[in-house]
Amino acid sequence: MTTDVRTIEWTGDALRLLDQTVLPGRVEYLTVRDVDALVGAIRRLAVRGAPALGVAGAFGVALAVRQAAREGWDDARRDAAIARVRTARPTAVNLAAGVDRVLPFVAKGADAVAAEAQAVLDEDVRGNRAIGVLGADWILARTGGDRPLRVLTHCNAGALATAGWGTALGVVRELHGRSRVDTVYADETRPLLQGSRLTAWELRQAGIPCVVQADAAAPSTILRGLVDVAVIGADRVAANGDTANKIGSLGVALACRAAGIPFVVAAPWSTVDLALPDGTGVPIEERPAEEILAWNGAPTAPDGVEAFNPAFDVTPARLVTALVTETGVLEVSSGDTPRHVRSGA
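Since we're looking at a predicted model, the values are computed, not measured.

Rules behind the numbers
- Residues numbered from 1 in each chain as written.
- Predicted model: local features only at pLDDT ≥ 70, side-chain atom pairs only at ≥ 80, totals over all residues.
- Heavy atoms only, no water.
- Salt bridge = Lys/Arg side-chain N within 4 Å of Asp/Glu carboxyl O.
- Helix = DSSP H or I, 4+ residues; strand = E, 2+ residues; numbered from the N terminus.
- Buried < 20%, exposed > 50% of the residue type's maximum accessible area, 1.4 Å probe, protein only.
- UniProt positions renumbered as here; feature names shortened; annotations may be inferred.
- Contact = heavy atoms within 4.5 Å.

A closer look at the pattern of salt bridges
Then, number 1: If you walk through the whole model with that rule in mind, you get 18 salt bridges.
Then, number 2: Two residues, Arg-89 and Glu-285, come together in a salt bridge whose shortest N-O distance is 2.8 Å. Of this pair, Arg-89 sits in the loop between helix H3 (75-86) and helix H4 (93-102) while Glu-285 sits in the loop between strand S11 (272-273) and helix H10 (290-293), and the two are 196 residues apart along the sequence. Glu-285 shares its class with Arg-89; the two are buried.
Then, number 3: Residue Glu-174 pairs with Arg-178 through a salt bridge whose shortest N-O separation is 3.0 Å.
Then, number 4: Among the ionic contacts, a cluster of salt bridges with common partners joins Arg-89, Glu-285, Arg-287 and Glu-291.

So, in structure tokens, the structure goes:
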């Protein structure tokens, strides 16, 4: 991604968000000054991706504190607004973690909260760079040889999903910088097409060769021997290594296991939820039915048909070859699990 495009930025009195709902056709920004606007932007996916949500949550507390002072709220109303930000989407643990990180600064005022939120943003960018290097090193050591690799990714885990650079796409960018990417298969990621709209846009901006494919094509592409490694992001990782990510990730993991190629999860340590023993406890967000039953307002299913629209699935730890965080690489399916590692180790 070009460096002049920022996903999320604090302007001093507002939050400036790149509106991801209108990409790739337009590059537009939202200026968010109150809690209602931020919660709405989160729920309609104008800002999305676990790390970016963590940053948005942290700055959301600053917005709530500023709004409380501006509109004369009492502490109870301010705290209720903060709680709304914290729970705007349930699956990604980063959103709540970002809010919780800055809560101790609320008593010091909005500027103190915003300063700590900026630290969250800066740490995410540095962490993503480290993830890229560690992930690329591990993949090249595991795959062997010196030919460029064919990489598959699902959903969007690039700069758009983070404060900058990206997690899964950060690994791809690092590989590309070493001239080790042949092409990237970007799953379209139904029903909102984050892969075709966002990932392909990022890859094209970065000059990385890519093709978009239907989600249902991914297992066949892998089993035909056209992919060397799959790299995805994560919205929550349980203590045993079970991983929640965009719906369709589990099918990619199963195909990788059948083909004998690595299935790599790249995510910041803040995505690891050590309080969650395994993936059965991950709250799976169910999105509106119209995302499945219509497209651009036009019905795509008969009247009266209901929809099942889970936004995420959970990949069991036994299918996760490696989990890459800024602290190192865990070979999860071989027995390494996050519960045995502390952040910063």
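Points about the UniProt feature "binding site: substrate" (unreviewed entry) in the protein chain
Then, number 1: UniProt tags Arg-48, Gly-49, Ala-50, Arg-89, Gln-194, Asn-245 and Lys-246 as "binding site: substrate" (unreviewed entry).
Then, number 2: Looking at where Ala-50 falls in the secondary structure, it is placed in helix H2 (residues 50-71).
Then, number 3: In this structure Ala-50 comes out as buried when scored by relative accessible area, which is 3%.
Then, number 4: Ignoring any residue separated from it by four or fewer positions in sequence, one finds Ala-50 in contact with Ala-92, Asn-94, Ala-161, Ala-234, Asp-235 and Thr-271.
Then, number 5: Along the polypeptide, Lys-246 turns up in strand S9 (residues 243-246).

With respect to the side chain of Thr-167
Then, number 1: You can see Thr-167 is positioned in the loop between strand S4 (149-153) and helix H6 (168-177).
Then, number 2: The class of Thr-167 is buried, set by a relative accessible area of 4%.
Then, number 3: Filtering out sequence-adjacent residues up to four positions away, Thr-167 remains in contact with Pro-51, Asn-128, Ile-131, Ala-157, Thr-162, Gly-233, Ala-266, Ala-267 and Pro-268.

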